[in-house]
Amino acid sequence: MITECLKYQFSCNDENEAEAESFSKSCVEDIREELEGKGYRIKRISCTAEEMDMEWLDKLEDMVFPKTPSL
């Protein structure tokens, strides 16, 4: 059995860190069986979510839905 460190980057626009971490972990769990079938063993899964800079989304929303309607 091969034991390696699985590293990946996961991007999500979810505002709730716990939900983003849970979803990320479930994605890895979904491929665990296939990886183990190929001889790879996942010892543990540790997911940590960090807040994304969502300023771009705020600006887009302001352009689409202006706070002061143009007359």
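None of these values were measured; they are calculated from a predicted model.

Enquirer: Explain a nonpolar patch on the surface to me, and be specific about the residues and the numbers.
Expert: On the surface, a nonpolar cluster with roughly 590 Å² of combined accessible area is contributed by W56, L60, M63, V64 and F65. Mapped onto the fold, W56 is located in helix 2 (residues 55–64). Its relative accessible area of 45% is what places W56 among the partly exposed residues.

Enquirer: Kindly report on the environment of I42, identifying the contributing residues and their values.
Expert: Checked against the element boundaries, I42 lands in the loop between strand 2 (40–41) and helix 2. The spacing of I42 and R32 is 10 residues in sequence and 7.0 Å in space, taken between C-alpha atoms. Those residues in contact with I42, other than ones at most four positions away along the chain, are V28, R32, L35 and E36.

Enquirer: So what about the pattern of salt bridges? Which residues, and what values?
Expert: For the structure on display, the rule yields five salt bridges. We note a salt bridge from E29 to R32, for which the minimum N-O separation is 3.0 Å. Of this pair, E29 and R32 are both found in helix 1 (residues 17–37), three residues apart, which corresponds to roughly one turn of the helix. Connected through shared salt-bridge partners, E29, R32 and E36 make up one network.

The rules behind these values
Residues numbered from 1 in each chain as written. Predicted model: local features only at pLDDT ≥ 70, side-chain atom pairs only at ≥ 80, totals over all residues. Heavy atoms only, no water. Patch = residues over 30% accessible without salt bridge, like charges linked within 9 Å, V, L, I, M, F, W, Y side chains within 5 Å. Areas by Shrake-Rupley, 256 points an atom, 1.4 Å probe, with all protein chains shown as cover. Salt bridge = Lys/Arg side-chain N within 4 Å of Asp/Glu carboxyl O. Helix = DSSP H or I, 4+ residues; strand = E, 2+ residues; numbered from the N terminus. Buried < 20%, exposed > 50% of the residue type's maximum accessible area, 1.4 Å probe, protein only. Contact = heavy atoms within 4.5 Å.

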